[in-house]
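Working through the structure, step by step
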Amino acid sequence: QVQLVESGGGVVQAGGSLRLSCAASGRTFNMYGMGWFRQAPGNERELVAAISWSGHYIYYVDSVQGRFTISRDNAKNTVYLQMNSLEPEDTAVYFCAANSRRPRNWAFTYEYDYWGQGTQVTVSS
C-alpha cells in the first residue's frame, strides 16, 4: 500500500501563486509515476499535470501550460505542483494520485492505484 498526503492548498488572489506538495509513504518503491488532478463542483476530475518518477515523462493540460510546474524529489518521495499566475478558473479540489505501472493514458483516473484526500485551492478575482 501507498499513502499520499497533499498539502499547500489555500485561498489566493488572481495572479498569485501556490505550491502543492504530495508526500508518499509505504511501498513507494513500486510506483511508476504521479499525477495531479483537480475537480471543481459539477465537473469531472481532470488531469492537470503528471510526471514519471524517472522524470522522463512530464505532461500538462493546455490550460495550465506555462503557469504550472510539476517536479519530484525522489529522496523525499514527494511530488510538487508549483502554480503561478493563478486564475479563478483554477479553483478546485486538487488531488495527487500514484500509479504502479506505466499507464496507457495518464489522463484516465482508473490508471491510478492510490489517491490522496485532496486539498482545496480557491482563487479569488
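What counts and what doesn't
- Residues numbered from 1 in each chain as written.
- Predicted model: local features only at pLDDT ≥ 70, side-chain atom pairs only at ≥ 80, totals over all residues.
- Heavy atoms only, no water.
- Helix = DSSP H or I, 4+ residues; strand = E, 2+ residues; numbered from the N terminus.
- Contact = heavy atoms within 4.5 Å.
- Pairing = 2+ DSSP bridges.
- Axes fitted to C-alpha atoms, helices over the stretch in contact; angles between N-to-C directions.

1. Structural notes on the environment of Tyr112
Relative to the helices and strands, Tyr112 resides in the loop between β9 (92-99) and β10 (114-115). As for Tyr112 and Trp53, which are separated by 59 residues in sequence, their C-alpha atoms are 14 Å apart. Setting aside its immediate chain neighbours within four residues, Tyr112 contacts Met34, Gly35, Phe37, Leu47, Ala50, Ala97, Ala98, Asn99 and Trp106.

2. Looking at the sheet that holds strand β7 (residues 68-73)
Strands sit in the order β1-β3-β8-β7 across an open sheet of 4 strands; the sheet is antiparallel. Because the sheet does not close on itself, it has two edges, and the strands there are β1 (2-7) and β7. Recorded for the sheet is a direction-independent mean angle of 15° between the axes of neighbouring strands. Sheet topology note: the β7/strand β8 (residues 78-83) ladder contains 6 bridges and is antiparallel. In the sheet register, Thr69 faces β8, and the bridge partner there is Gln82.

So far we have only geometry, and geometry alone does not tell us how the molecule works.
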